[in-house]
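# A look at the structure
Take a look at the letters that make up each chain.
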Amino acid sequence: MEEYRFQVNLGGMIEILSDHLYSSPDVYIRELLQNGVDAIVGRGKSDTVFQEKKAGRLLVTLEEGKSLSFDDNGVGLTEEEIHQFLAIIGESSKKDLESGKIFEDYIGRFGIGLLSCFMVSDSICIRTKSIHSDKAYQWIGKPDGTYTLEEYSEDKTVGTEIFLEAKPGCESYFERERVESLILHYGLILPYPILLDDGINKKRLNPAKLPWDKEHPDKEEMLLFGRLMFQIPFMDCVPLYSEEGGVEGVAYFLPYTVQPSAKQKHLIYLKNMLLTEKGENILPDWAVFTKCIINAKRLRPTASREGFYEDETLEAARQAIGNCIAEYLKHMAKADKRAFHQFLEIHDLVVRSIAIEDDELFELFMDELDFETTKGKLTGLDLRMLKEPLLYCGLNEYRQLSQIFVAQGRLLINAGYVYTLELLRKMETFCDVTVTPVNIEEVDDLLKDVSIKEAEDSVDFLKIAERVLAPYQCEVEMKQFIPANLPAFYYLDKDAQLYQELRKVQEEADDLFGDMLGSFASELEDKKHSILYFNMRNPIVKKMIVSKDNDFLEEIILILYVQTLLIGGFTLRNNELGIMNDKLLTILERGL
């Protein structure tokens, strides 16, 4: 028996496979399945009866924790093909030797998959008989770069059997439970029977029919299949099809909320063999609310066969998959409002993010999304129908202004939530509405001037208030506004908010960074507006104006100031809460 050498540094190649190309030794099962399927496809090209009868099958015989044989009834190899395809690393029987073109109906492409078996075994024994030859051969390859080849004298049917013995430390990869799990993981949707024989039982592992292999797929069957595959009770699903790339499968809608930046695990197959559980690049970025089972027939895999190359075909397939999901959502929005609103309720944040990015989906979702306003929860459709300018502000301003806007029946939208402002601005572009930020002029419109006499009567009081609040960089004014039970209203514009934040960080920063922040803050010194408006309609304020007890007034003014900060949701600084408690205690002691 003559000994031959591989035409490559095999030890280095195996190290590359282990450390860089393959994510786990588990993939040896994938490579065996893949080679077996390709062999069956190859036989069908020469044997039309075999192909018409769909006679292909794969048999895995297992000796628990010790060895495994993988047998296919495919095309087999001749002696010349053995030397050509098993000894030259990178040469593949799945391409035309003259043109080098890969045959599209094969899964494998690179001619290195068999080497993954060296990750779990110290030798690979192959017994094969070609449909084009009467002779059978036995080939044994070793990781030292040598192999032997001899005729195999025992009876051998057409096909190939690969025999592996577990090398020390890899016994777990030959345990029945793990082998069965890996076969189902990688080959669940293969179109040929996969049989497992452990010496006690022999059974088929993969289903004969998949739920989407029908002209009109049954949704309940697809949902049940999805639950079995992912262990998740999905809320809905939609079949996926794309002529480009030959894609088919199912997108399942998650029954729980996810973040727009989430990365889901999918089951992505290439020609019915599991390729990857990532597969983000075959789905639109916005489809994060789905988990998918996808089988592609004509997409190009990467060298590791754990993803697809970015090319025009993949882009077209991705667009088609996105269209399938979007069209289904459009149908749901029209035909099943209850289900559509349930979907929106669960995936509200994601829906808002994709509506910003995709114009078509914006038009689909915008009318259904709701917004917090001073007129209650309003949908995008409600806002469009108001036919009035849409005033908005951030969260802190909304806390300040909402009481007054509500009392006066004026609309103000809380744009403090994520994506709300972007949606409003996009609404202005696509819809006939005007969207503007609230500013101090709008605030002045809500706060009416007092009469001349009331202004004269409140001069002394305002002077005291101005002096008391000067340390807090807060101006004071006397106005009249609704609601009357609100004695004072504190307004801090955006420049003032930024000014306060800069000063706060400056206090905690080092000298160099603190000087930089101080420079920025000084630019806002003349622009900022922090005003406490007293309400002439309020009975407490009326009593304060006529009071002659200045010490008492100072205490009440500080209490009202801190109260308005609390109502507006502002961060208290300068021990303001402690000051209010001290003043309340002083008033109580006076009364006692």
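Rules used in this analysis
- Residues numbered from 1 in each chain as written.
- Predicted model: local features only at pLDDT ≥ 70, side-chain atom pairs only at ≥ 80, totals over all residues.
- Heavy atoms only, no water.
- Pairing = 2+ DSSP bridges.
- Helix = DSSP H or I, 4+ residues; strand = E, 2+ residues; numbered from the N terminus.
- Contact = heavy atoms within 4.5 Å.
- Axes fitted to C-alpha atoms, helices over the stretch in contact; angles between N-to-C directions.
- Patch = residues over 30% accessible without salt bridge, like charges linked within 9 Å, V, L, I, M, F, W, Y side chains within 5 Å.
- Areas by Shrake-Rupley, 256 points an atom, 1.4 Å probe, with all protein chains shown as cover.
- Salt bridge = Lys/Arg side-chain N within 4 Å of Asp/Glu carboxyl O.
- Lys, Arg positive; Asp, Glu negative; His and termini not counted.
- Charge placed at Lys NZ, Arg CZ, Asp CG, Glu CD.
- Buried < 20%, exposed > 50% of the residue type's maximum accessible area, 1.4 Å probe, protein only.
- Phe/Tyr/Trp six-rings, centres within 6.5 Å; stacked < 30°, edge-to-face > 60°.
- Expected span 1.5 Å × (residues − 1).
- Parallel < 35°, antiparallel > 145°, perpendicular 65-115°, else oblique.
- Left-handed = near helix turned anticlockwise from the far one by under 90°.
- Nonpolar A, V, L, I, M, F, W, Y, C, P; charged D, E, K, R; others polar.

Before going further, it helps to spend a moment on the sheet that holds strand β23 (residues 530-535). Pairing in this open sheet of four strands is mixed, and the strands run β20-β21-β23-β22 from one edge to the other. Edge strands, defined here as strands with exactly one partner in the open sheet, are β20 (448-449) and β22 (488-492). Taken together, the two bridges between β20 and strand β21 (residues 475-480) define a ladder with antiparallel strand orientation. Its bridge partner lying in β21, Lys 448 is registered against Gln 480. Its contacts with the sheet place helix α16 (residues 459-469) against β21 and β23, and it is angled at close to 140 degrees to β21.

Right, let's talk about a negative patch on the surface for a bit. Together, Glu 64, Glu 171, Glu 175 and Glu 177 give the surface a local cluster of negative charge. Topologically, Glu 64 is positioned in the loop between β2 (58-63) and β3 (67-72). Glu 64 gets classed as partly exposed once you look at its relative accessible area, which sits at 48%.

Now for the pairing of strand β14 (residues 290-296). In terms of burial, β14 is a largely internal element, seven of the seven residues being buried. Both faces of β14 are covered, namely the face carrying Thr 290, Cys 292, Ile 294 and Ala 296 and the face carrying Lys 291, Ile 293 and Asn 295. For strand β11 (residues 247-253) and β14, the ladder comprises seven bridges, and the chain directions are antiparallel. Bridge pairing in β14 links Val 250 to Ile 293. In this structure, strand β12 (residues 267-270) lies alongside β14, joined through four bridges in parallel fashion. Among the inter-strand pairings, Ile 268 is bridged to a residue of β14, identified as Ile 294.

Across all of its chains, the model carries 19 aromatic pairs by this definition. Taking the centre distance of 6.0 Å and the plane angle of 15 degrees together, the rings of Phe 489 and Tyr 533 count as stacked. Of the two residues, Phe 489 is situated in strand β22 and Tyr 533 in strand β23; the sequence distance between them amounts to 44 residues. Judged by its relative accessible area of 3%, Phe 489 is buried.

Let us now look at the sheet that holds β14. Backbone-to-backbone hydrogen bonds join strands into a sheet, with any given pair of strands oriented parallel or antiparallel. Taking strand neighbours across the sheet as the criterion, the five strands line up as β10-β11-β14-β12-β13 in an open arrangement whose pairing is mixed. In this open sheet, the two edge strands, each paired with only one partner strand, are β10 (236-242) and β13 (273-276). The mean angle between the axes of side-by-side strands here comes to 25 degrees, regardless of whether they run parallel or antiparallel. The pairing of β12 with β13 spans three bridges and is antiparallel. Across the sheet, the residue bridging to Leu 270 is Met 273, located in β13. Its contacts with the sheet put helix α7 (residues 312-335) on β10, β11 and β14, and the angle it makes with β10 is roughly 140 degrees.

On to unusual backbone geometry. The step from Ile 482 to Pro 483 runs through a cis peptide bond, and the omega angle for that step is 10 degrees. Checked against the element boundaries, Pro 483 lands in the loop between β21 and β22. The phi angle at Lys 387 is positive, at roughly 55 degrees, despite the residue not being glycine. Tracing the backbone shows Lys 387 in the loop between α11 (380-386) and β17 (390-393).

Our focus in this paragraph is the pattern of salt bridges. Scanning the model with the defined rule gives 26 salt bridges in all. Of the charged contacts, one joins Arg 127 and Glu 161 as a salt bridge, the two residues approaching to 4.0 Å between their closest N and O atoms. Taken together, the positions of Arg 127 in strand β4 (residues 124-129) and Glu 161 in strand β7 (residues 159-165) put the pair 34 residues apart, joining distant regions of the chain. Measuring nitrogen to oxygen at the nearest pair gives 3.4 Å for the salt bridge that ties Asp 370 to Arg 352. Separated by 18 residues along the polypeptide, Asp 370 in strand β15 (residues 370-373) and Arg 352 in helix α9 (residues 348-357) bring together distant segments of the chain. Take Arg 352: its relative accessible area is 6%, and that puts it in the buried class. One salt-bridge network, held together by shared partners, links Arg 176, Glu 180, Asp 198 and Lys 203.

A few words now on helix α20 (residues 550-567). Note that an α-helix has 3.6 residues per turn; residues three or four places apart therefore point the same way. With 18 residues, α20 extends 26 Å from end C-alpha to end C-alpha; this agrees with the ideal 26 Å at 1.5 Å per step. Those residues of α20 lying buried are Leu 553, Glu 555, Ile 556, Ile 557, Leu 558, Ile 559, Leu 560, Tyr 561, Val 562, Thr 564 and Leu 565. Downstream of α20 by a residue or two, Gly 569 has a phi angle that is positive, lying close to 75 degrees.

The next subject is the packing of helix α2 (residues 27-46) against helix α5 (residues 176-187). In contact at an axis separation of 9 Å, α2 and α5 are set at 60 degrees when each is read in the N-to-C sense. In terms of orientation, α2 lies oblique with respect to α5. As α2 packs across α5, the resulting crossing turns out to be right-handed. Residue-level inspection shows Val 27, Tyr 28, Ile 29, Arg 30 and Leu 33 of α2 in contact with α5, the latter providing Val 179, Leu 182, Ile 183, Tyr 186 and Gly 187. Here the contact of α2 with α5 is composed, by residue class, of eight nonpolar, one polar and one charged.

The next point concerns the packing of α9 against helix α13 (residues 420-430). Viewed as axis vectors pointing N to C, α9 and α13 meet at an angle of 40 degrees, and their least axial separation amounts to 10 Å. As summarised for this structure, α9 and α13 are arranged oblique, according to the angle between their axes. In the packing of α9 onto α13, the handedness of the crossing is left-handed. Facing α9, whose interface residues are Arg 352, Ala 355, Ile 356 and Glu 357, α13 presents Thr 420, Glu 422, Leu 423 and Lys 426.

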